[in-house]
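Secondary and tertiary structure notes
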Amino acid sequence: MKLLAAYLFLLCAAMPAAAATCGTVLNPVLITVSSVAFGPYSPGDMTGDQANGSIGVTCTVTLSSALPNFTIALNGGLANQLNSRVMSFLGNNLQYNLYTTGSYATIWGDGTTSTQTQSYTAGAASTSYTVYGLIPNHQFLPIGLYLDTITVTVTY
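The structure contained in this document is the topic of the report that follows. (Residues numbered from 1 in each chain as written. Predicted model: local features only at pLDDT ≥ 70, side-chain atom pairs only at ≥ 80, totals over all residues. Heavy atoms only, no water.)

1. Description of the nonpolar core
Stated precisely, the cut-off is as follows: What is meant by a nonpolar core is a set of buried Ala, Val, Leu, Ile, Met, Phe, Trp, Tyr and Cys residues, joined one to another through side-chain atoms within 4.5 Å. Whether a residue is buried, partly exposed or exposed follows from its accessible area with a 1.4 Å probe, protein chains only, as a fraction of its type maximum: under 20%, in between, or over 50%, in that order. The numbering of helices and of strands both runs from the N terminus, where a helix is a DSSP run of H or I of at least 4 residues and a strand a run of E of at least 2. The contact definition used throughout considers only heavy atoms, calling two residues in contact when any of these lie within 4.5 Å.
Ile 55, Leu 67, Phe 70, Ile 72, Leu 74 and Val 154 are the most contacted members of the largest nonpolar core, which totals 29 residues. Those elements that provide at least two residues to this core are strand E2 (29–34), strand E4 (49–59), strand E5 (70–74), strand E7 (92–99), strand E9 (126–135) and strand E10 (145–155). In this structure, Leu 74 is in contact with Ile 55, Leu 82, Arg 85, Leu 98, Trp 108, Gly 109, Asp 110, Val 131, Ile 150, Thr 151 and Val 152, ignoring residues within four places of it in sequence.

2. Re the pairing of E4
Applicable threshold: Pairing between strands requires that DSSP locate at least two bridges from one strand to the other.
In terms of strand pairing, E2 meets E4 through six bridges, oriented antiparallel. Bridged to Ile 31 within E4 is Val 57.

3. Details of the side chain of Asp 148
Keep this limit in mind: Only four residue types enter the tally: Lys and Arg on the positive side, Asp and Glu on the negative side; His and the chain ends are excluded. By salt bridge we mean one thing: a side-chain nitrogen of Lys or Arg within 4 Å of a carboxyl oxygen of Asp or Glu. Think of a polar contact as two N or O atoms within 3.5 Å of one another; within protein, one of them needs to be a possible hydrogen donor and the other a possible acceptor, and neighboring residues in sequence only count if both atoms come from side chains.
As for its position among the elements, Asp 148 is in strand E10. Notably, Asp 148 is buried but unbridged: the nearest opposite-charge side chain belongs to Arg 85, and the N-O separation is 5.6 Å. Of the polar contacts made by the side chain of Asp 148, one reaches the backbone nitrogen of Leu 78; its length is 2.8 Å. There is a polar contact of 2.5 Å between the side chain of Asp 148 and the side chain of Tyr 96.

4. Structural notes on the packing of aromatic side chains
Both the distance between ring centres and the angle between the ring planes are used here to describe each pair of aromatic rings. Note the threshold: Ring pairs shown here join Phe, Tyr and Trp side chains whose ring centres sit within 6.5 Å, with only the six-membered ring taken for Trp; geometry is labelled stacked below 30 degrees between planes, edge-to-face above 60, and tilted in between.
Enumeration over the complete set of coordinates arrives at seven aromatic pairs. A ring pair is formed by Tyr 99 and Tyr 104, whose centres lie 5.5 Å apart and whose planes are at 85 degrees; its orientation type is edge-to-face. The same class applies to Tyr 99 as to Tyr 104, namely buried. Aromatic rings pair up to connect Phe 70, Trp 108, Tyr 120 and Tyr 129 into one cluster.

Spelled out as structure tokens, the structure:
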């Protein structure tokens, strides 16, 4: 049996904390995201299903300018739970989570409840981060398109 857990949408929001070389009205920070697309899910797969997305942060107007220090936080999505995110389809919930590394050891969240944010120290004009997604195995649910929406918040 396979489930189609196709897309985890990532939305973004920038929250300036202070003026810097980049990150001002005249020199904004651009945040780009690519969704985590798991594809068909097989509950019997021993390792679970894995997929990656990305978050990019770029200084847009003056590309030679350095990005300010910032942190990237991810919210809990539909479940509003960082440690137990779910994708939903017709009232059925498929558990998954997002991680800071491919070892799937550290949940990417908002820095609370045993989660961590990603941080950046100023220097380059752009940088990007990989979002590592994992759906644990042995979840037997109806076939469907399971979705969740995660908000990405960049604070600088």
